[in-house]
Amino acid sequence: PTSAQVSAVPHSGRFCYTLDSDVLTTEQRQFYEDNGYLLIRNLVSDEDIERFRKEFTRICKREVKPPGVMIMKDESLRSQFGQSENVVNKVQDFQEDEELFRYCTLPEVLKYVECFTGPNIMAMHTMLINKLPDSDKQTFLHPMHQDLHYFPFRPASRIVCAWTAMERAHQDNGCLVVQPGTHKTALKPHGYPEREGKTNKLFHGLLDEDEKIPKVHLVMEKGDTVFFHPLLIHGSGINRTSGFRKSISCHFASSECHYIDVKNTTQEHLEKELQEMVQKKYNATSVDLKDIWNFRARLVQGERINL
C-alpha cells in the first residue's frame, strides 16, 4: 500500500538505522540516525482519530470484545467497578479489532514505517493509551525505559514504533520524554521502580538511569506522529490536568527479524512475568514467550517470513 521503494540493506557506511527510500529527506534520515526518533507533524487525520476514540469507548463499555485484547485498569483504581475511560488506562493487543487495527494499515503511516523495516512489515505490539488524571502517587508516571526490553526479536534497527497523539500532548498532561541519541547504547537492565504506591503491571523502568543525559519533551498536536527506535530511552510524566491524554501506537518490525532466547539475559524475569499473566488469563498450563508474540503479531504488508 505504499509508494516507497526501499532497499533491504542499510545504506553503506553512513546510515545504520534507516533504509534508502524516496520518502525521508537526507536531513530527516540524519536526524533519526543521530537522535533515534523522528517527529512528523499532522500525519493522521482528525476523522481517523475520532474513529479510534469511538472504538476505544465501545471497548471500555464492552460493546465489542475483540479476541486477545487486554483492557488494563490502573492498579490504584482496581477496586472501582465497571470499565470506562475513567479507569481504563490502556487497551493493549488490539490486533484483532478491525477498527483500531486500521491504524496499523494507514498508508500515510506505513510509508514512513517502511523506511525503517523494509517492505515486509509485521505489527507486533499495539496499544491505545489513555493517560488518566493523576494523583500525588504518580501512578501513571511511566519511568524511563527502552522498548526493546519487552521484545524477544532482533535486529533492533529493523523495529520501529509509530506513536500518534490523539489530542495535544504537552508537559502538563504527560507527553513523551526522550533522551536523544540513547538508541546507540546497549539494552540496559529494567525492573519496577522503588517508590511508594502501587505500580501498574509491566511498567518497567531503567534500574540505573543516567540523569546527566538531556531530556526532550515532545510537545505534539493531534495527529502528529513520532517514529522511534526500540533502544531509545523514553518515558512519560504524570497527567496534571483534569482531562485524558490519549495516544495510539504500534511497534512494527521487519518479518525478516528473528526470535532470540532470553534465558540468562536481563529480559528473563520479564518472560516469567508475561508467562504468568497469560497462563492466568487463558488458564494455560505452559506457554512460550515466542508463542505469545506469534499470537500478537499480524502481517501488515509483504510476506511473513520469520516472525
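Refer to the structure presented above.
In this report, the structure presented in the accompanying data block is examined. Not measured: the values here are computed from a predicted model.

Criteria and thresholds
Residues numbered from 1 in each chain as written. Predicted model: local features only at pLDDT ≥ 70, side-chain atom pairs only at ≥ 80, totals over all residues. Heavy atoms only, no water. Helix = DSSP H or I, 4+ residues; strand = E, 2+ residues; numbered from the N terminus. Contact = heavy atoms within 4.5 Å. Phe/Tyr/Trp six-rings, centres within 6.5 Å; stacked < 30°, edge-to-face > 60°. Lys NZ or Arg CZ within 6 Å of the ring centre and 35° of its normal. Axes fitted to C-alpha atoms, helices over the stretch in contact; angles between N-to-C directions. Left-handed = near helix turned anticlockwise from the far one by under 90°. Nonpolar A, V, L, I, M, F, W, Y, C, P; charged D, E, K, R; others polar. Core = buried A, V, L, I, M, F, W, Y, C linked by side-chain atoms within 4.5 Å. Buried < 20%, exposed > 50% of the residue type's maximum accessible area, 1.4 Å probe, protein only. Pairing = 2+ DSSP bridges. Salt bridge = Lys/Arg side-chain N within 4 Å of Asp/Glu carboxyl O.

## A look at the environment of Met122
Right, on to step 1. Counting through the fold element by element, Met122 comes out in strand β4 (residues 121–131).
Right, on to step 2. As for Met122 and Glu303, which are separated by 181 residues in sequence, their C-alpha atoms are 9.0 Å apart.
Right, on to step 3. When residues no more than four places from it in sequence are discounted, the contact partners of Met122 are His251, Phe252, Ala253, Ser255, Ala297, Arg298, Leu299, Val300, Arg304 and Leu307.

## Here we look at the packing of aromatic side chains
Right, on to step 1. Here the structure, examined in full by the defined rule, presents 9 aromatic pairs.
Right, on to step 2. Considering the side-chain rings of Phe52 and Tyr103, the 6.0 Å spacing of their centres and the 85 degrees angle between planes classify their relative orientation as edge-to-face. Here Tyr103 lies in helix α3 (residues 98–105) and Phe52 lies in helix α2 (residues 46–60), a separation of 51 residues in the sequence.
Right, on to step 3. In this arrangement the basic side chain of Arg296 is found over the ring face of Trp293, its NZ or CZ atom lying 4.5 Å from the centre.
Right, on to step 4. The aromatic ring of Phe101 is capped on one face by Arg298, whose charged end is 4.0 Å from the ring centroid.

## A few points about the packing of α2 against α3
Right, on to step 1. Two numbers describe how α2 lies on α3: the axes approach to 9 Å, and their chain directions differ by 145 degrees. Seen from above, α2 lies across α3 with left-handed handedness. Between α2 and α3, the contacting residues are Asp48, Arg51, Phe52, Glu55, Arg58 and Ile59 on the first element and Glu99, Leu100, Arg102 and Tyr103 on the second.
Right, on to step 2. A class-by-class count of the residues in the contact of α2 with α3 yields 4 nonpolar, no polar and 6 charged.

## Regarding the nonpolar core
Right, on to step 1. Val91, Tyr103, Cys104, Val109, Phe227 and Phe252 are the most contacted members of the largest nonpolar core, which has 40 residues in total.
Right, on to step 2. Counting only elements with at least two residues in this core, the list comes to β1 (37–40), α2, β3 (88–92), α3, α4 (107–117), β4, β7 (159–165) and β14 (245–254).
Right, on to step 3. Of all the elements, α4 adds the most residues to this core, at 6 residues.
Right, on to step 4. Judged by nonpolar contacts, the second largest core, of 22 residues, contains Met124, Tyr150, Leu231 and Val262.

## Digging into the pairing of β14
Right, on to step 1. Counting buried positions along β14 gives 10 out of 10 residues, so the element sits mostly inside the fold.
Right, on to step 2. Neither face of β14 is exposed, since Arg245, Ser247, Ser249, His251 and Ala253 on one face and Lys246, Ile248, Cys250, Phe252 and Ser254 on the opposite face are all buried.
Right, on to step 3. As defined by bridge partners, β4 adjoins β14 across 10 bridges and the pair is classed as antiparallel. In the strand pairing of β14, Ile121 is matched with Ser254.
Right, on to step 4. When β7 meets β14, the two strands line up antiparallel, connected through 7 bridges. In the sheet register, Ile159 faces β14, and the bridge partner there is Ala253.

## Structural notes on the packing of helix α5 (residues 268–282) against helix α6 (residues 289–296)
Right, on to step 1. Contact geometry for α5 and α6: axes closest at 10 Å, N-to-C directions at 65 degrees. For the pair α5 and α6, the crossing hand works out as left-handed. Where α5 abuts α6, its residues Glu271, Leu274, Gln275, Val278 and Tyr282 lie against Leu289, Ile292, Phe295 and Arg296.

## Some details on the sheet that holds strand β8 (residues 176–178)
Right, on to step 1. Sheet architecture is open: 4 strands sit in the order β5-β13-β8-β11, paired in antiparallel fashion. Each of the sheet's edge strands pairs with one partner strand only, and the pair in question is β5 (142–145) and β11 (216–217).
Right, on to step 2. When β8 meets β11, the two strands line up antiparallel, connected through 2 bridges. Among the inter-strand pairings, Val178 is bridged to a residue of β11, identified as Val216.

## Overview of the pattern of salt bridges
Right, on to step 1. One pass over the full model with this rule turns up 15 salt bridges.
Right, on to step 2. Lys215 is the partner of Glu209 in a salt bridge, and the nearest nitrogen-oxygen pair spans 2.9 Å.
Right, on to step 3. For Asp210, the salt bridge is made with Lys212, and the minimal N-O distance between the two is 3.6 Å.
Right, on to step 4. Overlapping salt bridges bring together Asp48, Arg51, Glu99 and Arg102 as one network.

## Here we look at helix α1 (residues 26–35)
Right, on to step 1. The complete set of buried residues in α1 reads Arg29, Tyr32, Glu33 and Asn35.
Right, on to step 2. Check the buried side of α1 and you find it contacts β1, α4, β7 and β12 (225–228).
Right, on to step 3. One or two positions beyond α1, positive phi appears at Gly36, with a value near 85 degrees.

## Structural notes on unusual backbone geometry
Right, on to step 1. Cis peptide bonds are those with omega within 30 degrees of zero, and the linkage from Arg154 to Pro155 qualifies with 0 degrees.
Right, on to step 2. Turning to its location among the elements, Pro155 is positioned in the loop between β6 (153–154) and β7.
Right, on to step 3. Residues other than glycine seldom take positive phi values, yet Arg62 does so here, at roughly 60 degrees.
Right, on to step 4. You will see that Asn264, though not glycine, has its phi angle at about 60 degrees, which is positive.
Right, on to step 5. Since its relative accessible area comes to 72%, Asn264 is described here as exposed.

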